[in-house]
Amino acid sequence: MNQVVHFGAGNIGRGFIGALFSKSGYHVTFVDLADDIINQLNEKGQYQVKLATDQQETMTITNVSGLNNMKQESDVIEAIKHATFLTTAIGPNILPRIAPLIAKGLTERVKSTDDKLYVIACENQISATDLLKGYVLEHLDQETAELLTGKVYFCNSAVDRIVPIQNNQGSLDVLVEPYYEWVVETKENIPSVDGMDIVADLAPFIERKLFTVNTGHAVIAYLGYLKNKSFTIDQALADEEIVQQVKATLSETGAYLTHQYGLDPEEHQQYINKIINRFKNSYLNDAVIRVGRSPLRKLGLNDRLVRPATEAKKAGLSYTNLAKAIASALLFDYKEDEEAVKLQAMIKEKGVSQVLKEVSGLEEDNEITQEVISYYNVLKG
Ligand SMILES: NC(=O)c1ccc[n+]([C@@H]2O[C@H](COP(=O)([O-])OP(=O)(O)OC[C@H]3O[C@@H](n4cnc5c(N)ncnc54)[C@H](O)[C@@H]3O)[C@@H](O)[C@H]2O)c1
Ligand SMILES: O=P(O)(O)OC[C@@H](O)[C@@H](O)[C@H](O)[C@H](O)CO
């Protein structure tokens, strides 16, 4: 049986990527540091993926097992030696931490086989696999790095499926939305996996996804949080002001995307409408505090808020609603979120303007910065 090593046995790992591989006839070895999940994967060897619909259709995911990367390093290396795919869905900030072990696995693998391995980071970040490759190369000597050529392929990807935080007392089962899209960039003839779409150029796909699904999601999460910290996304969308703000923001990202990639405006509008309907799914129970998580990452230069704003500005397009979205992200002060706590401490110590410079790469005299600050003061009240 073909093998996959997947880092991150969380919501997307179990509810999306692992599930697709299992359904395509692969054995999936999940690698995670959460003992409870790893033990259950090994004891049960299966779990359920349940769709967030009226009927709650359920699929059983089999041929799964788990390894703890902190305690079973040599087993992970062995698994990498025998895999066809190595995937991650662990969070972009964690990639540097798993890179040393992946490097060890690749070092052993290229000594023992010429079989091809496809590495795909399934994270909400532009060029996540390239970033992972860079971290891995830092841990390889020149000779081993050269041996990867023609044997190990690093493919960027875009993943789309809403999987909320699970409310099921530590069970392995995962509730997911029915919709999914997984686009992988490669020119190689890679083994087919049900649900994986191959493209030669990912840029329009990842930007369309990140600057529509994730920008829209962030607007609802941050404005929703300001209205009620315990809102879910669908509850926030019951507020007409938030609906209008999401639509206005997605018109701005839409104008940039159509300008940049020559998308058909009508088709893109249908894509936006479909996504707003996905957000309204009340079965998902998706908390604004999950969607707003890690605001420092989300305020990054290349992420869902700042990049479309800077790109729209460059193209002479409107970015005022994106500036408002950035301002609302700066107000995310959820105490259980490490990055939110850090962000608020930075704002208190240095002021918004300096934070925008350090976190988002926006200079003080940038017109975007000035708009963000004026919205920040209005929203702060
Ligand atoms: N949930 C979604 O709707 C969704 C959709 C598309 C993409 N994504 C992306 O997928 C990635 C994962 O998101 P998620 O929602 O599944 O998060 P999650 O928190 O449910 O899963 C992350 C998993 O990684 C594990 N982990 C963390 N640090 C680790 C380490 N050092 N070593 C090993 N395991 C470690 C955690 O224990 C957890 O099981 C993120 O990049 C996210 O942006 C999420
Ligand atoms: O995972 P994040 O923190 O980058 O973003 C939060 C949500 O917007 C995200 O998880 C979406 O649910 C997902 O990207 C849908 O495909």
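Residues numbered from 1 in each chain as written. Chains lettered and ligands numbered in written order. Predicted model: local features only at pLDDT ≥ 70, side-chain atom pairs only at ≥ 80, totals over all residues.

- The name that an unreviewed UniProt entry assigns to the protein is Mannitol-1-phosphate 5-dehydrogenase, with the source organism given as Scopulibacillus cellulosilyticus.
- Here is the UniProt Catalytic activity (unreviewed entry) comment for the protein, exactly as written: "D-mannitol 1-phosphate + NAD(+) = beta-D-fructose 6-phosphate + NADH + H(+)".
- One UniProt comment on the protein, placed under Sequence similarities (unreviewed entry), says "Belongs to the mannitol dehydrogenase family." (UniProt positions renumbered as here; feature names shortened; annotations may be inferred.)

## Section: the overall build of the protein
Then step 1. Summing up its helical and strand segments, the protein has 17 helices and twelve strands in all.
Then step 2. Judged by the C-alpha coordinates and their principal axes, the protein covers about 60 × 50 × 45 Å.
Then step 3. For the protein, with 381 residues in total, the buried portion stands at 46%.
Then step 4. Taking the intrachain contacts of the protein between residues at least 6 apart in sequence as the baseline, contacts between residues at least 24 apart amount to 73%. (Helix = DSSP H or I, 4+ residues; strand = E, 2+ residues; numbered from the N terminus. Buried ≥ 20, exposed ≤ 12 C-beta atoms within 10 Å, placed from the backbone. Contact = placed C-beta atoms within 7 Å.)

## Quick look at the site of ligand 2
Then step 1. Taken together, Asn124, Asp160, Arg161, Ile162, Val213, Asn214, His217, Val291, Arg293 and Ser294 make up all the residues around ligand 2.
Then step 2. Among the elements that make up the shell around ligand 2, the one with the highest residue count is helix α7 (residues 203-227) (three residues).
Then step 3. Taken together, the residues of the shell around ligand 2 sort by class into three nonpolar, four polar and three charged. (Near = placed C-beta within 6 Å. Nonpolar A, V, L, I, M, F, W, Y, C, P; charged D, E, K, R; others polar.)

## Side note on the site of ligand 1
Then step 1. The local shell around ligand 1 holds 23 residues, among which Gly10, Asn11, Ile12, Glu123 and Asn124 are the closest.
Then step 2. If you list the elements that add at least two residues to the shell around ligand 1, you get α1 (11-23) and α4 (95-112).
Then step 3. At three residues, the largest contribution of residues to the shell around ligand 1 is made by α1.
Then step 4. Residues of the shell around ligand 1, tallied by class, amount to twelve nonpolar, seven polar and four charged.

## Considering the UniProt feature "binding site: NAD(+)" (unreviewed entry) in the protein
Then step 1. If you check UniProt for "binding site: NAD(+)" (unreviewed entry), the listed places come out as Val4, Val5, His6, Phe7, Gly8, Ala9, Gly10, Asn11, Ile12, Gly13, Arg14 and Gly15 in our numbering.
Then step 2. Along the chain, the position of histidine 6 falls in strand β1 (residues 3-7).
Then step 3. C-beta crowding within 10 Å serves as the criterion here: with 29 such atoms nearby, histidine 6 is assigned to the buried category.
Then step 4. If you trace the backbone, asparagine 11 turns up in helix α1.
Then step 5. Setting aside anything within four residues of it in sequence, one finds asparagine 11 in contact with Val163, Gln166 and Val174.

## Quick notes on helix α10 (residues 265-279)
Then step 1. Between the first and last C-alpha of α10 there are 21 Å, a value that for 15 residues agrees with the 21 Å anticipated at 1.5 Å per step.
Then step 2. Taken residue by residue, α10 has His268, Ile272, Ile275, Arg278 and Phe279 as its buried positions. Projection of α10 onto a plane perpendicular to its axis shows the buried side chains occupying an angular sector of 120°, all on one side. Of the exposed residues in α10, the ones pointing more than 90 degrees away from its buried face are Glu266, Glu267, Gln270, Asn273, Lys274 and Asn277.
Then step 3. The secondary structure elements touched by the buried residues of α10 are α7, α8 (233-236) and α9 (240-261). (Expected span 1.5 Å × (residues − 1). Arc of directions from axis to C-beta.)

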